[in-house]
Amino acid sequence: MARKVAIYARVSTEHEAQISALENQVQYYDDILSRHADWTLVDRYIDEGITGTSIHKRESFMRMQDIMEQEGRKTATGLTRWQSGNINRVLRNPFYCGRIVYRKQYVPDYLVQKKI
């Protein structure tokens, strides 16, 4: 079954170093896409030089929110209203972003039971 995916990337300034970072973000996700033949890229949503303090200034983010509502895509809780918090949780979830981290926490001493 083909999986539809989208890329969202953002940098907060238009300085040359930030634009390079943006290109690296997009390349990173393009590389992941190239390794998954069953994934179909729907679109790339990219905001350049946009502040991180307000989603209302991020045109691509709003469009991405965009489109999810128009197509009736459901959130993890089954809602069809995509708010910025829903998308934020998806973007921060390592499984959705293609990052799987093992042993984020462990207990080295079973007697103390202090997690590290």
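That block above? That's the structure.
Attention here is on the structure that accompanies the text.

Here is what the cut-offs are and how they apply
Residues numbered from 1 in each chain as written. Predicted model: local features only at pLDDT ≥ 70, side-chain atom pairs only at ≥ 80, totals over all residues. Heavy atoms only, no water. Helix = DSSP H or I, 4+ residues; strand = E, 2+ residues; numbered from the N terminus. Buried < 20%, exposed > 50% of the residue type's maximum accessible area, 1.4 Å probe, protein only. Contact = heavy atoms within 4.5 Å. Phe/Tyr/Trp six-rings, centres within 6.5 Å; stacked < 30°, edge-to-face > 60°. Lys NZ or Arg CZ within 6 Å of the ring centre and 35° of its normal. Salt bridge = Lys/Arg side-chain N within 4 Å of Asp/Glu carboxyl O.

The next subject is the overall build of the protein. Along its length, the protein carries three helices and two strands. Along the protein, helices and strands appear, N-terminal first, in the series β-α-β-α-α. Per-residue burial for the protein yields a buried fraction of 21% across its 116 residues. Here the analysis covers contacts within the protein between residues at least 6 apart in sequence; of these, 41% occur between residues at least 24 apart.

What follows concerns the packing of aromatic side chains. According to the stated counting rule, one finds two aromatic pairs in the structure shown. For the pair Tyr-8 and Phe-61, a centre-to-centre distance of 5.3 Å together with 75° between the ring planes defines the contact as edge-to-face. Note that Tyr-8 is positioned in strand E1 (residues 3–10) and Phe-61 in helix H2 (residues 59–68), a separation of 53 residues in sequence. Residue classification places Tyr-8 among the buried residues on the basis of a relative accessible area of 13%. Here the aromatic rings of Tyr-28 and Tyr-29 are separated by 5.0 Å at their centres, their planes lie at 80°, and the arrangement is edge-to-face. Classification of Tyr-28 by relative accessible area gives partly exposed; the value is 38%. Take Tyr-29: its relative accessible area is 23%, and that puts it in the partly exposed class. Above the plane of the ring of Phe-61 lies Arg-58, whose end atom (NZ or CZ) is 5.6 Å from the centre.

Two side chains of opposite charge can pair, provided their charged atoms sit close to one another. On inspection of all chains with the given rule, the structure shows four salt bridges. Put simply, Arg-44 and Asp-30 hold a salt bridge, and the shortest N to O gap is 2.6 Å. With a gap of 14 residues between them, Arg-44 in strand E2 (residues 39–47) and Asp-30 in helix H1 (residues 16–34) connect regions that are remote in the sequence. Using a relative accessible area of 35% as the deciding quantity, one classes Arg-44 as partly exposed.

In short, the description is geometric, and any link to function would need to be established separately.
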